[in-house]
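A look at the structure
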Amino acid sequence: MVSLLTPLLVLLCLTCNQAQAQVICTGEQERARALAQRIGQEWPLRGSNDQVSTYVRNLGQKLAQTVAEGQSLVWHFNVVRDRSANAFSIGNGYVYVTDGAVLFAQNESEIAAILAHEIGHQLAGHFCQSAPHRDISWSSSFFDWLLSKQSGEVEEQAIGSLTQVIDVSKEKQADQYAVTILKAAGYNAGAMLAVARRLPKQDGMAHLRDHRRIEALENLLAAAKDSKPSQNSVEFQQVKKQVGG
Amino acid sequence: MWSNKKSKVLCVALGCSLVAGCATTEENQQMFGAAGGAMLGCLTGTLISRNAKGCAAGALAGAAVGWGAVKVSQYNATQVRSATEDKRVYGLTKPPKSTLVKINKGVAAPENVKPGAQVSVVTDYSLLVPSGMAGADVTQSWVLKKDGKVLANLPPQRVYRQAGGWTADATIPIPSNAKPGTYVVETKVRAGTSYDVNQAVFVVES
């Protein structure tokens, strides 16, 4: 029995490494871990046993497992205690959403859409560019090296004490992954569009509201022909109530 | 089943306790607490029944509110680190775009208290503000819990704070009728949209 299993396990392991190689790049683990540590020191994060954290982690894991590339990664979903709506990822499977993002979502499909978009950044390999030489404060400008500045569609945005660079082309790529993930997980992919259209300009997720992205999303969803109704759950309502309390 | 008079006494005593709970708070302000609840209960009981028995009934009702009447009896906050020192100690990076608050630690002392004594809840937090700002309004509030149930929401303290590290000390009187057991005091510090929560534990002895 063991002799039969061994080649299979070796094969699985090889497949696992190949999949991981597509989404985790050289130096990404070290950079992301260092930044995650810094975020943990600076920002008020919900504890891992917290009800909201548990819900977001379980939902994030469920979404990430729907695509092959996501299955080989170790994901870290965290919730920041902040009432403004925001979500971002920093590489090596680290994804952050704020209390405000949970409050902003009107149903489970919408918070799934926000998470799926951030998972999409990871799966699209947006953290693969090597870091330029920086001084000791490199982490405060972490997002500078994530995204190309050649497209002319890039803007900087502060998140806490970090600077995030928003690149429309990369956001569109993350959206494509998100639509695939949402459909595979059985969620209404149209929730992406609902979130994007409703975002206020001053919020941290305002980059989702870019009209070019909204047009691209409309085309993407039309092609996807997704007509599922938005999903909700008692658990989501409980979590939302707790965050709002 | 309660008589109408008893119901009236209890309702008005509760009302007074709630009014006391909603009073504007200042730093270092002495507050009523359970004793205040009893006093107000006595007064309102007298007003309703127009005799001394009413006072006694009202006082009993006010005091019986217990945790519901408890407030922070004393509140002191001291800046213990400048914004620069905070960066050095906690590795805070450049100024954020929006205000950030982070609790570094929080404890309740003593860990074991007798009913009628008081417990001190000490919270150390860091306040980080955007460039161009010297400080921000900070709201600190406390929730008392036992066995997962909320016993009391203590009136919050709202004060302007300079950026940097702060230690806030809130004294909470333990009602004389507090049941023995483990209690949790949940401290929340909020500035702008950012907030942090810490749970400290103390034990009321029999």
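This text follows the structure it describes.
Description of the structure in this document. (Residues numbered from 1 in each chain as written. Chains lettered and ligands numbered in written order. Predicted model: local features only at pLDDT ≥ 70, side-chain atom pairs only at ≥ 80, totals over all residues. Heavy atoms only, no water.)

It is worth spelling out the overall build of chain B at this point. A count of helical and extended segments in chain B gives four helices and nine strands. When each of the 206 residues of chain B is scored for burial, the buried share is 48%. (Helix = DSSP H or I, 4+ residues; strand = E, 2+ residues; numbered from the N terminus. Buried < 20%, exposed > 50% of the residue type's maximum accessible area, 1.4 Å probe, protein only.)

By size, the foremost hydrophobic cluster in this structure holds 48 residues, and its most contacted members are L63, I111 and L182 of chain A. Of all the elements, helix α6 (residues 108-123) of chain A adds the most residues to this core, at eight residues. Apart from residues lying up to four places away in sequence, L63 of chain A is in contact with A112, L115, A116, I119, I181, L182, A185 and Y187 of chain A. Of all hydrophobic cores here, the second largest spans 34 residues; its members include A108, V185, A191 and F202 of chain B. (Core = buried A, V, L, I, M, F, W, Y, C linked by side-chain atoms within 4.5 Å. Contact = heavy atoms within 4.5 Å.)

Let's shift gears to the sheet that holds strand β3 (residues 94-98) of chain A. All names here are of chain A. Across the sheet, which stays open at both edges, the three strands sit in the order β1-β3-β2 with mixed pairing between neighbours. Edge positions in the sheet fall to β1 (76-80) and β2 (87-91), since each of these pairs with one other strand and no more. Here the strands of the sheet are splayed against their neighbours by 20 degrees on average, with no regard to which way each runs. The pairing of β2 with β3 spans four bridges and is antiparallel. When the sheet's bridge partners are listed, F88 is paired in β3 with Y96. On top of the sheet, helix α2 (residues 28-42) reaches β2 and β3; it is set at about 135 degrees to β2, its chief contact. (Pairing = 2+ DSSP bridges. Axes fitted to C-alpha atoms, helices over the stretch in contact; angles between N-to-C directions.)

Looking now at the packing of helix α8 (residues 191-198) of chain A against helix α9 (residues 211-224) of chain A. Residue and element names in this part refer to chain A. In contact at an axis separation of 10 Å, α8 and α9 are set at 160 degrees when each is read in the N-to-C sense. As far as their axial angle goes, α9 and α8 are roughly antiparallel. As α8 packs across α9, the resulting crossing turns out to be left-handed. In this structure, α8 contributes M192, L193, A196 and R197 to the contact, and α9 contributes I214, L217, E218 and L221. (Parallel < 35°, antiparallel > 145°, perpendicular 65-115°, else oblique. Left-handed = near helix turned anticlockwise from the far one by under 90°.)

Turning our attention to the pairing of β2 of chain A. Within β2 of chain A, five of the five residues are buried, leaving the element largely enclosed by the surrounding structure. The antiparallel hairpin formed by β2 of chain A and β3 of chain A contains two residues in its connecting segment, where N92 of chain A sits at a positive phi of about 55 degrees.

The space that makes up the largest pocket amounts to roughly 730 Å³. Lining the largest pocket are 28 residues; nearest its centre among them are R81 of chain A together with K145, E186, K188 and V197 of chain B. For the lining of the largest pocket, the secondary structure elements donating two or more residues are α10 (234-244) of chain A together with β2 (100-109), β5 (135-146), β6 (149-162), β8 (181-191) and β9 (194-204) of chain B. Here the lining of the largest pocket is built from residues that sort into 10 nonpolar, eight polar and 10 charged. (1 Å grid on protein atoms, 1.4 Å probe; cavity = no way out; pocket = protein on both sides within 12 Å on 5 of 7 lines; lining within 4 Å. Points joined across faces, edges and corners; volume = space filled by probe spheres on them. Nonpolar A, V, L, I, M, F, W, Y, C, P; charged D, E, K, R; others polar.)

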